[in-house]
Amino acid sequence: MGSIAGMTADQIVLIKATVPVLVEHGNTITTVFYRNMLEAHPELNTVFNTPNQVNGHQPRALAGALYAYASHIDDLGALSSAVELICNKHASLYIKPDDYKIVGKYLLEAMGEVLGAALTPEIHDAWGAAYWQLADIMIGREKQLYEQSEGWTDWRDFKIADKIKESDEITSFYLAPVDGKPLPGFQPGQYISVQTYVPALKYTQARQYSLSDKPRSDYYRISVKKEAGIDSADPAVSAHPGYISNVLHDTLNKGDTLQVSHPYGDFFLSTTEAEPAHPVVLISAGVGLTPLTSILNTLTSKAPSARKLHFVHGARTSGARAFSEHIASLTKKYPNLNATFFTTHPSEGEKEGVDYHHVGRVNLDKVKQEDLFLDDAKTEYYICGPEKFMTDMESSLKGQGVSSDRIKMELFGTGGVPH
Ligand SMILES: Cc1cc2nc3c(=O)[nH]c(=O)nc-3n(C[C@H](O)[C@H](O)[C@H](O)COP(=O)(O)OP(=O)(O)OC[C@H]3O[C@@H](n4cnc5c(N)ncnc54)[C@H](O)[C@@H]3O)c2cc1C
Ligand code: HEM
(Lines give C-alpha, C1' and ligand atoms only; values in the text may rest on other atoms or scores of the structure.)
(Ligands and ions follow the chains in the order given, each with its own letter.)
Protein backbone atom coordinates (compact mmCIF):
# COMPACT_ATOMS: atom_id res chain seq x y z
CA MET A 1 0.00 0.00 0.00
CA GLY A 2 1.44 3.41 -0.90
CA SER A 3 1.32 6.29 1.55
CA ILE A 4 -1.27 9.05 1.18
CA ALA A 5 0.03 12.62 1.43
CA GLY A 6 0.46 13.50 5.12
CA MET A 7 -0.05 9.96 6.39
CA THR A 8 2.39 7.08 6.65
CA ALA A 9 1.51 3.57 5.47
CA ASP A 10 1.54 2.43 9.12
CA GLN A 11 -0.92 5.13 10.07
CA ILE A 12 -3.27 4.06 7.27
CA VAL A 13 -3.16 0.49 8.62
CA LEU A 14 -3.95 1.83 12.10
CA ILE A 15 -6.92 3.86 10.86
CA LYS A 16 -8.40 0.86 9.05
CA ALA A 17 -7.88 -1.22 12.19
CA THR A 18 -9.91 1.37 14.14
CA VAL A 19 -13.08 0.84 12.07
CA PRO A 20 -14.61 -1.68 14.56
CA VAL A 21 -13.91 0.81 17.38
CA LEU A 22 -15.87 3.47 15.50
CA VAL A 23 -18.75 1.07 14.95
CA GLU A 24 -18.87 0.40 18.69
CA HIS A 25 -18.03 3.82 20.16
CA GLY A 26 -18.51 6.31 17.31
CA ASN A 27 -21.78 7.78 18.61
CA THR A 28 -20.45 8.07 22.18
CA ILE A 29 -17.27 9.76 20.96
CA THR A 30 -19.14 12.28 18.83
CA THR A 31 -21.73 12.95 21.56
CA VAL A 32 -18.95 13.63 24.11
CA PHE A 33 -17.18 15.72 21.45
CA TYR A 34 -20.19 18.00 20.88
CA ARG A 35 -20.92 18.32 24.62
CA ASN A 36 -17.33 19.35 25.46
CA MET A 37 -16.92 21.58 22.43
CA LEU A 38 -20.19 23.47 22.98
CA GLU A 39 -19.41 23.87 26.71
CA ALA A 40 -16.03 25.42 25.88
CA HIS A 41 -17.33 27.37 22.86
CA PRO A 42 -20.94 28.40 23.59
CA GLU A 43 -20.77 30.77 20.62
CA LEU A 44 -20.93 27.65 18.38
CA ASN A 45 -24.51 27.03 19.59
CA THR A 46 -25.62 29.48 16.94
CA VAL A 47 -23.74 27.51 14.26
CA PHE A 48 -25.04 24.02 15.08
CA ASN A 49 -28.68 22.97 14.83
CA THR A 50 -29.75 22.66 18.50
CA PRO A 51 -32.50 19.98 18.06
CA ASN A 52 -30.09 17.88 15.98
CA GLN A 53 -27.80 17.78 19.05
CA VAL A 54 -30.67 16.91 21.39
CA ASN A 55 -32.06 14.16 19.17
CA GLY A 56 -28.59 12.83 18.32
CA HIS A 57 -28.87 13.27 14.53
CA GLN A 58 -25.78 15.48 14.31
CA PRO A 59 -23.46 13.23 16.41
CA ARG A 60 -24.75 10.25 14.36
CA ALA A 61 -24.06 12.04 11.08
CA LEU A 62 -20.51 12.91 12.18
CA ALA A 63 -19.85 9.37 13.45
CA GLY A 64 -21.20 7.98 10.16
CA ALA A 65 -18.92 10.28 8.18
CA LEU A 66 -15.87 9.31 10.25
CA TYR A 67 -16.71 5.62 9.90
CA ALA A 68 -17.07 5.96 6.10
CA TYR A 69 -13.81 7.89 6.04
CA ALA A 70 -11.84 5.33 8.08
CA SER A 71 -13.25 2.52 5.91
CA HIS A 72 -12.17 4.28 2.70
CA ILE A 73 -8.93 5.87 3.86
CA ASP A 74 -7.05 4.25 0.95
CA ASP A 75 -9.83 4.94 -1.58
CA LEU A 76 -10.97 8.49 -0.89
CA GLY A 77 -12.69 8.77 -4.30
CA ALA A 78 -15.51 6.64 -2.86
CA LEU A 79 -16.29 9.50 -0.46
CA SER A 80 -16.64 12.24 -3.04
CA SER A 81 -20.44 12.43 -3.09
CA ALA A 82 -20.62 12.43 0.74
CA VAL A 83 -17.95 15.16 0.90
CA GLU A 84 -19.86 17.18 -1.69
CA LEU A 85 -23.07 17.04 0.38
CA ILE A 86 -21.28 17.98 3.63
CA CYS A 87 -19.20 20.79 2.08
CA ASN A 88 -22.26 22.38 0.48
CA LYS A 89 -24.02 22.28 3.86
CA HIS A 90 -20.92 23.70 5.59
CA ALA A 91 -20.58 26.46 2.97
CA SER A 92 -24.22 27.45 3.44
CA LEU A 93 -23.43 27.89 7.15
CA TYR A 94 -20.20 29.79 6.48
CA ILE A 95 -17.92 27.30 8.21
CA LYS A 96 -14.36 28.69 8.07
CA PRO A 97 -10.92 26.94 8.03
CA ASP A 98 -10.21 28.04 11.65
CA ASP A 99 -13.35 26.20 12.83
CA TYR A 100 -11.64 22.93 11.82
CA LYS A 101 -8.95 23.54 14.47
CA ILE A 102 -11.60 23.63 17.20
CA VAL A 103 -13.42 20.54 15.89
CA GLY A 104 -10.12 18.61 15.49
CA LYS A 105 -9.03 19.42 19.07
CA TYR A 106 -12.29 18.35 20.71
CA LEU A 107 -12.71 15.29 18.49
CA LEU A 108 -9.31 13.87 19.44
CA GLU A 109 -9.87 14.75 23.10
CA ALA A 110 -13.25 12.98 23.02
CA MET A 111 -11.57 9.88 21.55
CA GLY A 112 -9.14 9.94 24.49
CA GLU A 113 -11.96 10.43 27.01
CA VAL A 114 -14.05 7.54 25.65
CA LEU A 115 -11.32 5.07 24.66
CA GLY A 116 -8.93 5.69 27.58
CA ALA A 117 -5.67 3.68 27.37
CA ALA A 118 -6.89 1.97 24.16
CA LEU A 119 -6.05 5.23 22.38
CA THR A 120 -2.30 4.63 22.23
CA PRO A 121 -0.04 7.54 21.22
CA GLU A 122 0.34 5.90 17.78
CA ILE A 123 -3.42 5.65 17.21
CA HIS A 124 -3.86 9.21 18.51
CA ASP A 125 -1.27 10.52 16.05
CA ALA A 126 -2.71 8.46 13.18
CA TRP A 127 -6.16 9.96 13.83
CA GLY A 128 -4.66 13.45 14.12
CA ALA A 129 -3.09 13.01 10.67
CA ALA A 130 -6.27 11.42 9.27
CA TYR A 131 -8.47 14.20 10.62
CA TRP A 132 -6.34 16.86 8.96
CA GLN A 133 -6.20 14.95 5.71
CA LEU A 134 -10.01 14.96 5.57
CA ALA A 135 -10.26 18.51 6.93
CA ASP A 136 -7.87 19.76 4.21
CA ILE A 137 -9.99 18.10 1.49
CA MET A 138 -13.13 19.72 2.92
CA ILE A 139 -11.52 23.14 3.48
CA GLY A 140 -10.30 22.99 -0.14
CA ARG A 141 -13.76 22.21 -1.54
CA GLU A 142 -15.40 24.86 0.66
CA LYS A 143 -12.82 27.42 -0.53
CA GLN A 144 -13.85 26.63 -4.13
CA LEU A 145 -17.53 27.04 -3.24
CA TYR A 146 -16.84 30.41 -1.57
CA GLU A 147 -14.79 31.52 -4.59
CA GLN A 148 -17.69 30.67 -6.90
CA SER A 149 -20.03 32.84 -4.82
CA GLU A 150 -19.15 36.16 -6.48
CA GLY A 151 -17.97 37.79 -3.26
CA TRP A 152 -21.00 36.73 -1.22
CA THR A 153 -19.01 34.90 1.45
CA ASP A 154 -20.91 35.64 4.64
CA TRP A 155 -24.47 36.08 5.90
CA ARG A 156 -26.32 38.76 3.91
CA ASP A 157 -29.30 40.78 5.14
CA PHE A 158 -32.57 40.14 3.30
CA LYS A 159 -36.01 41.65 3.76
CA ILE A 160 -39.22 39.68 3.59
CA ALA A 161 -40.71 41.33 0.49
CA ASP A 162 -43.84 39.19 0.63
CA LYS A 163 -45.36 36.39 2.69
CA ILE A 164 -47.98 34.24 0.95
CA LYS A 165 -49.92 31.33 2.43
CA GLU A 166 -49.74 28.36 0.04
CA SER A 167 -51.65 25.75 2.08
CA ASP A 168 -52.88 24.98 5.62
CA GLU A 169 -49.30 24.50 6.75
CA ILE A 170 -46.96 25.90 4.06
CA THR A 171 -46.21 29.61 3.58
CA SER A 172 -43.93 31.19 0.98
CA PHE A 173 -41.45 33.94 1.82
CA TYR A 174 -40.19 36.23 -0.93
CA LEU A 175 -36.72 37.33 0.18
CA ALA A 176 -35.09 40.40 -1.36
CA PRO A 177 -31.53 41.57 -0.55
CA VAL A 178 -31.39 44.73 1.58
CA ASP A 179 -28.44 46.02 -0.52
CA GLY A 180 -30.69 45.84 -3.62
CA LYS A 181 -27.95 44.27 -5.75
CA PRO A 182 -28.94 41.58 -8.29
CA LEU A 183 -28.95 38.05 -6.92
CA PRO A 184 -26.76 35.33 -8.39
CA GLY A 185 -28.46 32.43 -10.14
CA PHE A 186 -28.65 28.93 -8.71
CA GLN A 187 -29.25 25.41 -9.94
CA PRO A 188 -32.95 24.55 -9.54
CA GLY A 189 -33.12 22.13 -6.59
CA GLN A 190 -30.56 23.99 -4.45
CA TYR A 191 -31.23 25.59 -1.05
CA ILE A 192 -30.27 28.63 0.99
CA SER A 193 -29.64 28.79 4.72
CA VAL A 194 -31.73 31.27 6.66
CA GLN A 195 -30.56 32.61 10.00
CA THR A 196 -32.68 34.41 12.57
CA TYR A 197 -33.03 34.95 16.32
CA VAL A 198 -34.97 32.36 18.30
CA PRO A 199 -36.46 33.92 21.46
CA ALA A 200 -37.03 30.50 23.07
CA LEU A 201 -33.28 29.75 22.87
CA LYS A 202 -32.02 33.35 23.22
CA TYR A 203 -29.62 32.88 20.30
CA THR A 204 -29.76 32.67 16.51
CA GLN A 205 -30.20 29.44 14.56
CA ALA A 206 -29.88 28.62 10.88
CA ARG A 207 -31.92 26.21 8.78
CA GLN A 208 -31.80 25.22 5.12
CA TYR A 209 -34.73 25.93 2.80
CA SER A 210 -34.90 24.79 -0.82
CA LEU A 211 -35.54 27.57 -3.29
CA SER A 212 -39.07 26.96 -4.51
CA ASP A 213 -39.18 29.04 -7.69
CA LYS A 214 -37.04 29.41 -10.79
CA PRO A 215 -33.95 31.64 -10.52
CA ARG A 216 -34.60 35.41 -10.61
CA SER A 217 -32.31 38.34 -9.89
CA ASP A 218 -34.66 40.32 -7.58
CA TYR A 219 -35.74 37.79 -4.94
CA TYR A 220 -35.44 34.23 -3.74
CA ARG A 221 -38.59 32.35 -2.77
CA ILE A 222 -38.69 29.71 -0.04
CA SER A 223 -41.80 27.82 1.11
CA VAL A 224 -41.81 26.70 4.71
CA LYS A 225 -43.93 24.16 6.57
CA LYS A 226 -44.92 25.12 10.10
CA GLU A 227 -43.55 22.29 12.27
CA ALA A 228 -46.01 21.89 15.12
CA GLY A 229 -43.65 19.72 17.17
CA ILE A 230 -43.50 16.00 17.75
CA ASP A 231 -46.20 14.56 19.91
CA SER A 232 -44.06 12.48 22.22
CA ALA A 233 -45.43 10.15 24.87
CA ASP A 234 -41.98 10.08 26.45
CA PRO A 235 -41.79 12.81 29.14
CA ALA A 236 -37.99 12.79 28.80
CA VAL A 237 -38.33 14.18 25.30
CA SER A 238 -39.12 17.87 25.56
CA ALA A 239 -40.87 18.25 22.25
CA HIS A 240 -41.19 21.85 21.15
CA PRO A 241 -42.70 23.48 18.10
CA GLY A 242 -39.97 23.80 15.43
CA TYR A 243 -37.89 26.85 16.35
CA ILE A 244 -37.26 28.55 13.02
CA SER A 245 -40.38 27.51 11.09
CA ASN A 246 -42.59 28.93 13.87
CA VAL A 247 -40.63 32.17 14.09
CA LEU A 248 -41.05 32.51 10.31
CA HIS A 249 -44.77 31.70 10.36
CA ASP A 250 -45.81 33.53 13.53
CA THR A 251 -43.32 36.32 14.23
CA LEU A 252 -41.66 37.52 11.06
CA ASN A 253 -43.68 39.53 8.55
CA LYS A 254 -43.37 41.54 5.39
CA GLY A 255 -40.66 44.18 5.91
CA ASP A 256 -38.73 42.20 8.56
CA THR A 257 -35.07 41.34 8.06
CA LEU A 258 -33.26 38.01 8.35
CA GLN A 259 -29.93 36.64 7.15
CA VAL A 260 -29.47 34.46 4.12
CA SER A 261 -26.61 32.43 2.61
CA HIS A 262 -25.64 32.11 -1.03
CA PRO A 263 -27.49 29.14 -2.65
CA TYR A 264 -25.72 25.79 -2.34
CA GLY A 265 -26.55 22.10 -2.54
CA ASP A 266 -25.69 18.97 -4.48
CA PHE A 267 -29.28 18.12 -5.47
CA PHE A 268 -30.22 19.89 -8.67
CA LEU A 269 -31.48 19.42 -12.19
CA SER A 270 -28.68 17.91 -14.25
CA THR A 271 -29.26 20.17 -17.22
CA THR A 272 -31.69 22.87 -18.25
CA GLU A 273 -30.25 23.20 -21.74
CA ALA A 274 -30.29 20.50 -24.46
CA GLU A 275 -33.69 20.50 -26.19
CA PRO A 276 -35.40 18.12 -26.63
CA ALA A 277 -33.92 16.41 -23.61
CA HIS A 278 -34.65 13.29 -21.63
CA PRO A 279 -37.89 13.06 -19.61
CA VAL A 280 -37.95 14.17 -15.98
CA VAL A 281 -40.18 12.74 -13.24
CA LEU A 282 -40.51 14.78 -10.04
CA ILE A 283 -41.76 12.77 -7.05
CA SER A 284 -42.48 14.41 -3.69
CA ALA A 285 -44.39 14.11 -0.44
CA GLY A 286 -45.50 16.98 1.79
CA VAL A 287 -43.23 20.01 1.84
CA GLY A 288 -40.68 17.99 -0.19
CA LEU A 289 -42.31 19.51 -3.27
CA THR A 290 -40.32 22.76 -2.88
CA PRO A 291 -37.08 21.92 -4.77
CA LEU A 292 -39.13 20.02 -7.36
CA THR A 293 -41.36 23.05 -7.93
CA SER A 294 -38.22 25.10 -8.62
CA ILE A 295 -37.16 22.47 -11.17
CA LEU A 296 -40.66 22.38 -12.69
CA ASN A 297 -40.92 26.17 -12.90
CA THR A 298 -37.49 26.35 -14.53
CA LEU A 299 -38.29 23.66 -17.10
CA THR A 300 -41.62 25.27 -18.00
CA SER A 301 -40.31 28.84 -18.08
CA LYS A 302 -39.03 28.45 -21.63
CA ALA A 303 -41.05 28.23 -24.83
CA PRO A 304 -43.14 25.01 -25.06
CA SER A 305 -40.61 22.25 -24.93
CA ALA A 306 -40.66 18.72 -26.27
CA ARG A 307 -39.43 17.53 -22.90
CA LYS A 308 -41.76 15.08 -21.15
CA LEU A 309 -42.44 15.94 -17.52
CA HIS A 310 -44.46 14.33 -14.75
CA PHE A 311 -45.09 15.76 -11.28
CA VAL A 312 -46.14 13.15 -8.69
CA HIS A 313 -47.08 14.45 -5.27
CA GLY A 314 -48.60 13.14 -2.07
CA ALA A 315 -50.08 15.14 0.81
CA ARG A 316 -52.10 14.21 3.89
CA THR A 317 -55.04 16.34 2.73
CA SER A 318 -55.78 18.57 -0.24
CA GLY A 319 -55.68 21.50 2.19
CA ALA A 320 -52.11 20.67 3.19
CA ARG A 321 -50.99 20.54 -0.45
CA ALA A 322 -49.16 23.65 -1.70
CA PHE A 323 -49.15 25.00 -5.27
CA SER A 324 -52.18 22.88 -6.38
CA GLU A 325 -53.61 25.55 -8.68
CA HIS A 326 -50.22 26.57 -9.99
CA ILE A 327 -49.32 23.01 -11.00
CA ALA A 328 -52.79 22.36 -12.44
CA SER A 329 -52.50 25.51 -14.58
CA LEU A 330 -49.06 24.43 -15.84
CA THR A 331 -50.47 21.04 -16.90
CA LYS A 332 -53.08 22.88 -19.00
CA LYS A 333 -50.44 25.07 -20.61
CA TYR A 334 -47.87 22.34 -21.31
CA PRO A 335 -49.20 19.25 -23.12
CA ASN A 336 -46.05 17.32 -22.17
CA LEU A 337 -46.58 17.88 -18.44
CA ASN A 338 -48.82 15.63 -16.35
CA ALA A 339 -49.45 15.66 -12.62
CA THR A 340 -50.67 12.91 -10.29
CA PHE A 341 -51.84 13.87 -6.79
CA PHE A 342 -52.24 11.42 -3.92
CA THR A 343 -54.21 12.34 -0.79
CA THR A 344 -54.04 10.21 2.34
CA HIS A 345 -57.14 11.68 4.01
CA PRO A 346 -59.60 13.17 1.51
CA SER A 347 -62.12 15.53 3.09
CA GLU A 348 -65.81 14.80 2.93
CA GLY A 349 -67.19 15.89 -0.42
CA GLU A 350 -63.85 15.69 -2.24
CA LYS A 351 -63.92 13.59 -5.39
CA GLU A 352 -61.32 11.30 -6.91
CA GLY A 353 -60.36 12.63 -10.34
CA VAL A 354 -61.33 16.18 -9.32
CA ASP A 355 -59.61 17.05 -6.04
CA TYR A 356 -56.98 14.31 -6.24
CA HIS A 357 -56.15 11.31 -8.40
CA HIS A 358 -55.65 8.54 -5.84
CA VAL A 359 -56.36 7.98 -2.16
CA GLY A 360 -53.45 6.87 0.00
CA ARG A 361 -49.72 7.43 0.06
CA VAL A 362 -47.73 7.85 -3.14
CA ASN A 363 -47.63 4.51 -4.91
CA LEU A 364 -45.85 4.44 -8.27
CA ASP A 365 -47.78 1.29 -9.26
CA LYS A 366 -50.93 3.43 -9.36
CA VAL A 367 -49.38 6.04 -11.64
CA LYS A 368 -49.99 5.48 -15.35
CA GLN A 369 -46.88 3.53 -16.32
CA GLU A 370 -46.36 5.45 -19.56
CA ASP A 371 -46.20 8.64 -17.46
CA LEU A 372 -43.14 7.32 -15.64
CA PHE A 373 -41.25 7.07 -18.96
CA LEU A 374 -39.66 3.81 -17.85
CA ASP A 375 -39.00 2.80 -21.45
CA ASP A 376 -36.60 5.74 -21.92
CA ALA A 377 -33.24 4.72 -20.47
CA LYS A 378 -32.35 8.40 -19.94
CA THR A 379 -35.34 9.43 -17.81
CA GLU A 380 -34.25 11.10 -14.56
CA TYR A 381 -36.15 10.83 -11.26
CA TYR A 382 -35.91 13.53 -8.61
CA ILE A 383 -37.35 12.60 -5.22
CA CYS A 384 -37.89 14.67 -2.07
CA GLY A 385 -39.84 13.86 1.07
CA PRO A 386 -39.44 11.93 4.33
CA GLU A 387 -36.57 9.44 4.43
CA LYS A 388 -38.77 6.31 4.33
CA PHE A 389 -40.82 7.75 1.47
CA MET A 390 -37.68 8.33 -0.58
CA THR A 391 -36.18 4.90 0.01
CA ASP A 392 -39.57 3.33 -0.87
CA MET A 393 -39.72 5.31 -4.14
CA GLU A 394 -36.12 4.42 -4.88
CA SER A 395 -36.69 0.67 -4.46
CA SER A 396 -39.90 0.85 -6.48
CA LEU A 397 -38.02 2.51 -9.36
CA LYS A 398 -35.06 0.16 -9.08
CA GLY A 399 -37.52 -2.74 -9.16
CA GLN A 400 -38.71 -1.37 -12.51
CA GLY A 401 -35.15 -1.41 -13.83
CA VAL A 402 -34.13 2.24 -13.24
CA SER A 403 -30.38 2.52 -12.55
CA SER A 404 -29.37 4.33 -9.34
CA ASP A 405 -27.42 7.04 -11.20
CA ARG A 406 -30.77 8.30 -12.58
CA ILE A 407 -32.40 8.59 -9.14
CA LYS A 408 -31.60 11.73 -7.12
CA MET A 409 -32.85 12.38 -3.60
CA GLU A 410 -32.79 15.31 -1.19
CA LEU A 411 -33.19 14.78 2.56
CA PHE A 412 -34.59 17.69 4.58
CA GLY A 413 -32.42 16.64 7.50
CA THR A 414 -28.91 15.69 8.43
CA GLY A 415 -26.89 12.57 7.64
CA GLY A 416 -27.93 12.01 4.02
CA VAL A 417 -30.28 9.33 2.64
CA PRO A 418 -29.22 5.86 3.77
CA HIS A 419 -28.65 3.40 0.89
C1 LIG B 1 -31.47 20.72 2.16
C2 LIG B 1 -32.70 21.06 2.97
C3 LIG B 1 -33.77 21.68 2.37
C4 LIG B 1 -34.92 21.97 3.12
N5 LIG B 1 -35.96 22.59 2.51
C6 LIG B 1 -37.08 22.86 3.21
C7 LIG B 1 -38.20 23.51 2.58
O8 LIG B 1 -38.16 23.83 1.40
N9 LIG B 1 -39.30 23.76 3.34
C10 LIG B 1 -39.37 23.41 4.66
O11 LIG B 1 -40.40 23.68 5.31
N12 LIG B 1 -38.33 22.78 5.27
C13 LIG B 1 -37.19 22.53 4.59
N14 LIG B 1 -36.13 21.92 5.22
C15 LIG B 1 -36.23 21.62 6.68
C16 LIG B 1 -35.79 22.87 7.47
O17 LIG B 1 -34.42 23.10 7.29
C18 LIG B 1 -36.03 22.72 8.97
O19 LIG B 1 -35.45 21.53 9.40
C20 LIG B 1 -37.51 22.76 9.33
O21 LIG B 1 -38.09 23.98 8.95
C22 LIG B 1 -37.68 22.57 10.85
O23 LIG B 1 -36.93 23.57 11.49
P24 LIG B 1 -37.44 24.20 12.84
O25 LIG B 1 -36.36 25.07 13.38
O26 LIG B 1 -38.78 24.77 12.69
O27 LIG B 1 -37.60 22.91 13.74
P28 LIG B 1 -36.54 22.41 14.80
O29 LIG B 1 -36.58 23.27 16.00
O30 LIG B 1 -35.24 22.21 14.10
O31 LIG B 1 -37.17 21.00 15.16
C32 LIG B 1 -37.19 19.97 14.16
C33 LIG B 1 -38.24 18.96 14.50
O34 LIG B 1 -37.86 18.21 15.63
C35 LIG B 1 -38.94 18.18 16.54
N36 LIG B 1 -38.46 18.08 17.93
C37 LIG B 1 -38.68 18.95 18.90
N38 LIG B 1 -38.14 18.53 20.05
C39 LIG B 1 -37.57 17.38 19.83
C40 LIG B 1 -36.84 16.48 20.63
N41 LIG B 1 -36.59 16.72 21.92
N42 LIG B 1 -36.38 15.35 20.07
C43 LIG B 1 -36.60 15.11 18.77
N44 LIG B 1 -37.26 15.95 17.95
C45 LIG B 1 -37.76 17.07 18.48
C46 LIG B 1 -39.63 19.49 16.30
O47 LIG B 1 -40.95 19.43 16.75
C48 LIG B 1 -39.57 19.61 14.83
O49 LIG B 1 -40.62 18.91 14.22
C50 LIG B 1 -34.98 21.62 4.49
C51 LIG B 1 -33.88 20.99 5.10
C52 LIG B 1 -32.75 20.71 4.35
C53 LIG B 1 -31.58 20.04 5.01
C1 HEM C 1 -13.44 16.79 9.13
C2 HEM C 1 -14.30 17.49 9.84
C3 HEM C 1 -15.80 17.42 9.70
C4 HEM C 1 -16.61 16.38 9.32
C5 HEM C 1 -16.20 14.96 8.94
C6 HEM C 1 -17.97 16.88 9.34
C7 HEM C 1 -19.09 16.12 9.02
C8 HEM C 1 -20.38 16.61 8.93
C9 HEM C 1 -21.53 15.85 8.52
C10 HEM C 1 -21.52 14.38 8.11
C11 HEM C 1 -22.61 16.68 8.54
C12 HEM C 1 -24.05 16.35 8.15
C13 HEM C 1 -24.28 16.79 6.72
C14 HEM C 1 -25.71 16.57 6.27
O15 HEM C 1 -26.11 15.43 6.12
O16 HEM C 1 -26.41 17.54 6.07
C17 HEM C 1 -22.13 17.97 8.98
C18 HEM C 1 -22.94 19.07 9.16
C19 HEM C 1 -22.55 20.18 9.85
N20 HEM C 1 -21.27 20.50 10.24
FE21 HEM C 1 -19.63 19.38 9.93
N22 HEM C 1 -17.97 18.18 9.73
C23 HEM C 1 -16.68 18.55 9.97
C24 HEM C 1 -16.25 19.80 10.38
C25 HEM C 1 -17.08 20.81 10.80
C26 HEM C 1 -16.64 22.06 11.36
C27 HEM C 1 -15.19 22.49 11.52
C28 HEM C 1 -17.77 22.77 11.70
C29 HEM C 1 -17.86 24.13 12.35
C30 HEM C 1 -17.56 24.35 13.62
C31 HEM C 1 -18.91 21.96 11.31
C32 HEM C 1 -20.23 22.35 11.45
C33 HEM C 1 -21.30 21.67 10.91
C34 HEM C 1 -22.67 22.16 10.97
C35 HEM C 1 -23.15 23.43 11.65
C36 HEM C 1 -23.46 21.22 10.29
C37 HEM C 1 -24.99 21.24 10.09
C38 HEM C 1 -25.62 20.69 11.32
C39 HEM C 1 -27.09 20.36 11.21
O40 HEM C 1 -27.76 20.80 10.27
O41 HEM C 1 -27.55 19.63 12.09
N42 HEM C 1 -18.45 20.80 10.78
N43 HEM C 1 -20.77 17.91 9.20
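Residues numbered from 1 in each chain as written. Chains lettered and ligands numbered in written order. Predicted model: local features only at pLDDT ≥ 70, side-chain atom pairs only at ≥ 80, totals over all residues. Heavy atoms only, no water.

## Brief notes about helix α6 (residues 97–115)
Okay, so step 1: End to end, α6 covers 27 Å across 19 residues, agreeing with the expected 27 Å (1.5 Å per residue, within 8%).
Okay, so step 2: Those residues of α6 that sit buried are Y100, I102, V103, G104, Y106, L107, L108, A110, M111 and L115.
Okay, so step 3: Buried residues along α6 sit against α2 (19–40), α4 (57–71), α5 (80–92) and α7 (121–147).
Okay, so step 4: Where α6 terminates, the next one or two residues include G116, which has phi positive at roughly 60°. (Helix = DSSP H or I, 4+ residues; strand = E, 2+ residues; numbered from the N terminus. Expected span 1.5 Å × (residues − 1). Buried < 20%, exposed > 50% of the residue type's maximum accessible area, 1.4 Å probe, protein only. Contact = heavy atoms within 4.5 Å.)

## Here's the deal with the site of ligand 1
Okay, so step 1: Residues in contact with ligand 1 amount to 29 residues; listed here are only the nearest, Q208, Y209, G229, S245 and T290.
Okay, so step 2: Contact distances for ligand 1 include 2.6 Å between an oxygen atom and a side-chain N or O atom of S245.
Okay, so step 3: T290 places a polar side-chain atom, nitrogen or oxygen, 2.7 Å from an oxygen atom of ligand 1.
Okay, so step 4: Bound to the protein, ligand 1 loses 88% of the 970 Å² it would expose on its own.
Okay, so step 5: Listed by contribution, the elements that provide at least two residues to the shell around ligand 1 are α3 (50–54), β4 (203–210), β5 (220–225) and α8 (243–251).
Okay, so step 6: A per-element tally of the shell around ligand 1 places β4 first, with 4 residues.
Okay, so step 7: Grouping the constituent residues of the shell around ligand 1 by class yields 13 nonpolar, 11 polar and 5 charged. (Near = heavy atom within 4 Å. Polar contact = N/O pair within 3.5 Å; in protein donor to acceptor, adjacent residues only side chain to side chain. Areas by Shrake-Rupley, 256 points an atom, 1.4 Å probe, with all protein chains shown as cover. Nonpolar A, V, L, I, M, F, W, Y, C, P; charged D, E, K, R; others polar.)

## Quick look at the domain arrangement of the chain
Bring the parts together and some accessible area is lost; that lost area is often taken as the interface size.
Okay, so step 1: Here the chain is partitioned into domain 1 (9–147), domain 2 (156–260) and domain 3 (280–410).
Okay, so step 2: For domain 1 versus domain 3, the separation of C-alpha centres amounts to 37 Å. (Domains from an automatic or database assignment.)

## Quick notes on the pattern of salt bridges
Okay, so step 1: Tallied over the full model, the rule gives 15 salt bridges.
Okay, so step 2: Across the pair R156 and D179 runs a salt bridge, and its minimum N-O distance is 3.0 Å. In this pair, R156 sits in strand β1 (residues 156–165) while D179 sits in the loop between β2 (170–177) and β3 (191–198), placing the two residues 23 residues apart along the sequence.
Okay, so step 3: Here R156 falls in the buried class, since its relative accessible area comes to 12%.
Okay, so step 4: Take D179: its relative accessible area is 40%, and that puts it in the partly exposed class. (Salt bridge = Lys/Arg side-chain N within 4 Å of Asp/Glu carboxyl O.)

## Focus: the UniProt feature "domain: Globin" (unreviewed entry) in the chain
Okay, so step 1: Annotation from UniProt places "domain: Globin" (unreviewed entry) at residues 6–143.
Okay, so step 2: Along residues 6–143, the helical share is 77% and the strand share 0%, with 20 Å between the first and last C-alpha atoms. (UniProt positions renumbered as here; feature names shortened; annotations may be inferred.)

## Focus on the pairing of strand β8 (residues 309–315)
Okay, so step 1: Counting buried residues in β8 gives 7 out of 7 residues, a clear majority hidden from the surface.
Okay, so step 2: Note: strand β7 (residues 280–285) against β8, 6 bridges, orientation parallel. The partner of L282 across the bridge, within β8, is F311.
Okay, so step 3: Handedness of the crossover joining β8 and strand β9 (residues 337–343) through helix α10 (residues 324–333): right-handed. (Pairing = 2+ DSSP bridges. Right-handed = clockwise from strand over helix to strand, strands pointing away.)

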